Amino acid sequence: MPINKVEAVGCDLIYDNTSAAPVKKALISGITGQDGSYLTELLLSKGYEVHGIIRRSSNFNTQRLEHIYIDPHKSSARMKLHYGDLTDASALRKWVDSIRPDEVYNLGAQSHVGVSFENPDYTADVVATGALRLLEAVRVHIETTGREVRYYQAGSSEMYGATPPPQDEDTVFHPRSPYAVSKVAAHWYTVNYREAYGLFACNGILFNHESPRRGENFVTRKITRALGRIKVGLQSKLYLGNLKASRDWGFAGDYVEAMWLMLQQEKPDDYVVATEDSHTVEEFLEESFGYVGLNWKDYVEIDQRYFRPSEVDNLRGSSAKIREKLGWQPKVGFKQLVAMMVDADLEAAKREKVLADHGHIAPQQQP
């Protein structure tokens, strides 16, 4: 059944099902994002009952979950979405207490670095204080019920900022944006709750991870989305900022497995998750445009508006710890990742072209 909307059942929005009985319950903030959708797929495949916190919006924001939608009237549905927000401590406490999760994954954030310069207060409230609110909800729940709840905090390589690569778990943080500063605060809140209250709480310091589900205002997806439209004649130019910025890009589907592995260990710890291979934005352009036989220099223009007040030049992780202790390895390499994203956005552009040719959308509409 195609999904253009989700149905409310009481306070819950219900998705997906299988016939297997749930083994564990997981609560995910940020479930409608790129990582949340891949993590949900992984947990459902392992028999979990998955609950997600979703912000109320007048526009539907569940597109990344469409492919696992099942009629909510079916009793075997094992994914439920609940209205809430990381800025609302009472809602977080309510859902932790009523769902009684075994694992909590805090993936929710205002995660765009550039936007964090324009909205620093909101970014700090959601990313830093939001993590604290959720940690406190988990702590009080454990104290009240005596249950064990394991907590995962999504960290970011942006926390390293100006510190030169390679960056590992012992590398000093030097954040260069309100987003990165907020992530550093969330990281140390998690460490503090682990040390002060004995919470099973882990930080995953994830380097850049992409996929066809990446938001369209992130540079990798901005490139592949525009490339698809350029290829079919819907767009002629792509405007970008710093092409020399270098990032360690992996596949989001690989990285959510690392999140899950952290919470399956005997003791909590912090781990860097990275491919250990970095590329510049210019190299991403060369690989993606070259994949479809185009020269990126014919289409890309530099716009100073996309440069940030303080840039992060080079992020490349050292993930030896998680590889040795948890046995995690990235499965998708750089070229394969780029091809995956270009193929998906080329197909999307072809569908868009059909709509434009039949007058259903403006043909020069920008993504």
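For the structure itself, consult the block above.
All of these numbers come straight from a predicted model, not from anything done at the bench. (Residues numbered from 1 in each chain as written. Predicted model: local features only at pLDDT ≥ 70, side-chain atom pairs only at ≥ 80, totals over all residues. Heavy atoms only, no water.)

### Topic: empty space enclosed by the protein
Using a probe with the size of a water molecule, rolled over the atoms, empty space left in the structure can be pinpointed. Rules: Cavities and pockets were defined on a 1 Å grid built over protein atoms only: a cavity is a set of grid points that admits a 1.4 Å probe from which the probe cannot escape, a pocket is an open set flanked by protein on both sides within 12 Å along at least five of seven lines, and lining residues are those with an atom within 4 Å of any such point. Grid points are joined across faces, edges and corners, and a volume is the space filled by probe spheres set on the points. Ten residue types, Ala, Val, Leu, Ile, Met, Phe, Trp, Tyr, Cys and Pro, are classed as nonpolar, four, Asp, Glu, Lys and Arg, as charged, and the remainder, Gly among them, as polar.
Using the criterion set out here, one finds one cavity of 30 Å³ or more in the structure. The computed volume of the largest cavity comes to approximately 40 Å³. As for the largest cavity, its lining consists of V113, E158, R176, S177, R247, R308, S310, E311 and V312. Taken together, the residues of the lining of the largest cavity break down into two nonpolar, two polar and five charged.

### A few points about the environment of V115
Condition: Secondary structure counts use DSSP, requiring at least four H or I residues in a row for a helix and at least two E residues in a row for a strand, with both numbered from the N terminus.
Relative to the assigned elements, V115 resides in helix α3 (residues 113-118). Each C-alpha atom, one on V115 and one on Y179, is 8.5 Å from the other, the two residues being 64 residues apart in sequence.

### So, helix α2 (residues 89-99)
So the rule is basically this: For every residue, the accessible area (1.4 Å probe, protein chains only) is compared with the maximum for its type, and the residue is labelled buried under 20%, exposed over 50%, or partly exposed between those bounds. The arc in question is traced by the directions running from the helix axis to the C-beta atoms.
For α2, the complete set of buried residues consists of A91, L92, W95, V96 and I99. One face of α2 carries all of its buried residues, which in axial projection span an arc of 130°. Remark: R100 follows α2 within two positions and exhibits a positive phi of approximately 55°.

### Notes on unusual backbone geometry
With omega at -5°, the peptide bond leading from P165 into P166 counts as cis. By the secondary structure assignment, P166 is in the loop between β7 (150-156) and α5 (178-197). Phi is positive for R100, close to 55°, though the residue is something other than glycine. Look at R100 and you get partly exposed, because its relative accessible area is 39%. Positive phi is not limited to glycine here, since E276 has a value of about 70°. On the secondary structure map, E276 appears in the loop between β13 (271-273) and β14 (279-280).

### Details of the layout of surface pockets
A volume near 410 Å³ is recorded for the second largest pocket. In terms of lining residues, the second largest pocket is bounded by 13 residues, among which E216, R221, R225, A348 and R351 are the most central. Looking at the lining of the second largest pocket, the elements that each hand over two or more residues are α6 (219-232) and α10 (334-357). Sort the elements by how many residues they give to the lining of the second largest pocket and α10 lands first, with seven residues. Here the residues of the lining of the second largest pocket are counted per class, giving five nonpolar, one polar and seven charged.

### Looking at the pattern of salt bridges
Our working definition: A pair is scored as a salt bridge if a Lys or Arg side-chain nitrogen falls within 4 Å of a carboxyl oxygen belonging to Asp or Glu.
Applying the stated rule across the entire model yields 25 salt bridges. When the shortest N-O distance is used, the salt bridge between E136 and R139 registers 2.6 Å. Here R139 and E136 lie together in helix α4 (residues 120-145), a separation of three residues that amounts to about one turn. On the basis of relative accessible area, E136 is assigned to the partly exposed category, the value being 27%. Across the pair R221 and D345 runs a salt bridge whose closest N-O atoms are separated by 2.8 Å. Of this pair, R221 sits in helix α6 while D345 sits in helix α10, and the two are 124 residues apart along the sequence. Residue class for D345 comes out buried when judged on its relative accessible area of 2%.

Such coordinate-based values are descriptive only and should not be taken to indicate function.
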